[in-house]
Amino acid sequence: MKAVVDIVIIGAGMAGLCASVEAAAAGASVIVLEKQPQIGGSSLLSGCFMAFAGTEFQKQHGITDSADSLIEDMLQVGQYKNDRTLVETYGQHQLETYNWLVNQGVQFIDCQAVSGHTNPRGHTIVPNQAIDMLKSRAIEHGAKIYTDAVVTRLEKRNERVEQVHVTYRGHSYVVEARKGIIIASGGFSRSEDLLEHFAPGLTNTIRLGGVGNTGDGIRLACEQGAWLRDTPYLKGTYGFHPSSTNDNKRQAHTFYKGGIIVNEQGDRFVNESISYKLLGDAALQQSDQSTFQIWDQTVMDKGVKGDALYDFASLEELGLMERSESIEALATIIGVPPSSLQQTISSYNEAVDTGNDVLGRTTLTHTFGKPTKIITAPFYAMNTSTAMLATYAGVTVNEKAEVLNPFNESIPGLFAAGEVVGGFHGAGYMTGSSLGKAAIFGRIAAKQAIQQSNVEEALV
Ligand SMILES: Cc1cc2nc3c(=O)[nH]c(=O)nc-3n(C[C@H](O)[C@H](O)[C@H](O)COP(=O)(O)OP(=O)(O)OC[C@H]3O[C@@H](n4cnc5c(N)ncnc54)[C@H](O)[C@@H]3O)c2cc1C
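What you see is a predicted model; the values in this text were computed from it and never measured.

Trainee: How should the site of the ligand be read in this particular structure?
Mentor: Among the 39 residues in the neighbourhood of the ligand, the closest are listed as Glu34, Ser43, Glu419, Ser434 and Leu435. Within the contact set of the ligand, an oxygen atom lies 2.9 Å away from a backbone nitrogen or oxygen of alanine 15. Here the ligand has 990 Å² of accessible area as a free molecule, and 98% of this is covered by the chains. Contributing elements (two or more residues each) for the shell around the ligand: helix 1 (14-25), helix 2 (41-45), strand 7 (149-157) and helix 14 (433-459). With four residues, helix 2 is the single largest residue contributor to the shell around the ligand. For the shell around the ligand, a count of residues per class yields 16 nonpolar, 18 polar and five charged.

Right under this line is the structure:
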């Protein structure tokens, strides 16, 4: 059976849904094909931070910020290996996309200082609410969303990628896309095969992320001649209790509020203020990869109820943290040498006073906040692992979200947005920029597909 529409979108996460709202609102006929029985992918499981600067929300909370500062942070965190044009495009469209999301009914609840940002800029959504709202908007505008619809192959006709092969509830179909195909199928954090191929050093990480995120979009695009970017920079995310699963993501970033990180010997081994991706690299290099966050009541009091990263009290209620009135007793509980942990904390506290930390820590996260001494009992510890939850490397695109071949030429008819795309984060990832780029570039892909086909039609 064959169907013909204007735009086919592969995947119904943040990128695919934003693309579908944008395209359907512009009058295009749109179908969204989602492999899983439910929509949402990793977007639904996410920690809920979206990186935007200069928003009304920030202004209302007295935070002065700008797109330029966001761009600079993103490039710095990516060690300037990012595709600058993509980062600048994010900067150019981010505020408008924040306002667009608000207009679609997406609720922003809070704004936190998160990894890689000079200012508190992690705008929190409630993923279920955001996904439901975008789905409703897409349907209102006439988009059709199919679940259990697995895209298996793409095909060119007259040099243009136009045909989408899909298996839907046991039957095979071909859908023809007159104006464009948008790959929004997420990353490959659930593909052992691709992780083994691209990131063999990360095999000991906890696997999280949408179960449908097996890198299908990368294979589909590569068959059509796409080039890949950022695969050498694949990283895990530090901060998860080893018992974490998709249903129970037990995550705490006490280190960004003033905690420290130690290994089994009770020694610090990394500047705790750097990106949690780089913390993940450092943790994976420790013997047995067993590490602990250590903090005191001052840090505990900075917990934020209900927050994905900073709700320390809830993790304590679940019995995932150890607590003691003395450092020595805490060390004994977690099995690290007490004298060593005591020495580590004394040296750290001294460095907080002198500003002369051996590991170079002068802030809480990125350039934000001042470290505090670990002196106020009770003291706390959490066994902490690194998780592979998102891949952030993949298909090469330009600022129009067109998929590019190894010669930087666009592949006609093919667009990509969201986690399936590479080149954006470079060597390091800044919190909130993945959901942010999914929304921004999902919309750009839809607009471009429509605009370009309108121009082509006018020229015929
Ligand atoms: C635990 C966790 C916490 C996170 N926290 C944050 C955060 O706070 N801020 C942030 O910015 N990012 C965060 N991320 C990363 C972020 O959630 C993702 O990178 C982002 O949601 C990706 O959006 P997407 O639309 O590209 O992909 P997804 O939301 O994953 O959607 C892709 C969809 O495509 C479907 N699909 C795949 N293959 C096919 C196929 N062949 N046919 C049809 N459909 C297909 C999948 O089933 C999936 O539903 C987090 C991720 C996780 C797992």
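Trainee: Got a minute to help me understand helix 13 (residues 338-354) in this structure?
Mentor: Think of an α-helix as turning once every 3.6 residues; residues three or four places apart then point the same way. In a regular helix each residue adds 1.5 Å, so 17 residues correspond to 24 Å; helix 13 covers 24 Å between its end C-alpha atoms and thus fits that length. Taken residue by residue, helix 13 has Ser340, Leu341, Thr344, Ile345, Tyr348, Asn349 and Ala351 as its buried positions. In a view along the axis of helix 13, the buried residues occupy a sector of 165°, so they form one face of it. Summarising the geometry of helix 13, the exposed residues directed more than 90 degrees from the buried face are Ser339, Glu350, Asp353 and Thr354. Against the buried residues of helix 13 lie strand 13 (260-263), strand 14 (291-296) and helix 12 (327-334). Taken from the residues just after helix 13, glycine 355 is the one with a positive phi, measuring 75°.

Trainee: Any chance you could explain the nonpolar core here in plain terms?
Mentor: Soluble, globular proteins show a tendency: their nonpolar side chains are buried together. Counting residues in each nonpolar core, the largest one holds 95 residues, and the members touching the most others are Leu101 and Leu154. Ranked by residues supplied to this core, first place goes to helix 14 with 10 residues. If near-sequence neighbours (up to four positions away) are discounted, leucine 154 is found in contact with Ile10, Val161, Gln163, Val164, Ile181, Ile183, Leu220, Glu223, Gln224 and Leu414. The next biggest cluster of nonpolar side chains, apart from the first, holds 28 residues, and it includes Ile261, Tyr276, Leu309 and Phe312.

Trainee: Any chance you could explain the pattern of salt bridges here in plain terms?
Mentor: Two side chains bearing opposite charge may form a pair once their charged atoms approach each other closely. Taken as a whole and assessed by the stated rule, the structure comprises 23 salt bridges. The salt bridge partner of glutamate 96 is arginine 443, with a shortest N-O separation of 2.9 Å. With glutamate 96 in helix 5 (residues 84-104) and arginine 443 in helix 14, the pair connects residues that are 347 residues apart, well separated along the chain. Taking the relative accessible area as the measure of exposure, glutamate 96 reaches 33% and is therefore partly exposed. Residue arginine 443 is classed as buried on the basis of its relative accessible area, which comes to 3%. One network of salt bridges, with partners in common, ties together Glu22, Glu96, Arg443 and Lys447.

Trainee: Can you walk me through the domain arrangement of the protein in this structure?
Mentor: Interfaces are often sized by the amount of accessible area the parts lose when they come together. Split into domains, the protein comes out as domain 1 (2-233 + 390-459) and domain 2 (237-388). Each of domain 1 and domain 2 was reduced to a C-alpha centroid, and the two centroids are 33 Å apart. Listed as interface residues are 35 residues of domain 1 and, on the opposing side, 29 residues of domain 2. Counting each side, the surface lost to burial between domain 1 and domain 2 is near 2,500 Å², with a carbon and sulfur contribution of 60%. The tally of links from domain 1 across to domain 2 stands at zero salt bridges. Seen at the junction of domain 1 and domain 2, the total is 13 residue pairs in polar contact (both at pLDDT 80 or more). Those elements that provide at least two residues to the side of domain 1 that touches domain 2 are helix 4 (67-77), strand 4 (108-112) and strand 10 (206-207). When the residues that make up the side of domain 1 that touches domain 2 are grouped by side-chain class, the tally is 15 nonpolar, 16 polar and four charged.

Calculation notes
- Residues numbered from 1 in each chain as written.
- Predicted model: local features only at pLDDT ≥ 70, side-chain atom pairs only at ≥ 80, totals over all residues.
- Heavy atoms only, no water.
- Near = heavy atom within 4 Å.
- Polar contact = N/O pair within 3.5 Å; in protein donor to acceptor, adjacent residues only side chain to side chain.
- Areas by Shrake-Rupley, 256 points an atom, 1.4 Å probe, with all protein chains shown as cover.
- Helix = DSSP H or I, 4+ residues; strand = E, 2+ residues; numbered from the N terminus.
- Nonpolar A, V, L, I, M, F, W, Y, C, P; charged D, E, K, R; others polar.
- Expected span 1.5 Å × (residues − 1).
- Buried < 20%, exposed > 50% of the residue type's maximum accessible area, 1.4 Å probe, protein only.
- Arc of directions from axis to C-beta.
- Contact = heavy atoms within 4.5 Å.
- Core = buried A, V, L, I, M, F, W, Y, C linked by side-chain atoms within 4.5 Å.
- Salt bridge = Lys/Arg side-chain N within 4 Å of Asp/Glu carboxyl O.
- Domains from an automatic or database assignment.
- Buried area = accessible area lost by both parts, 1.4 Å probe.

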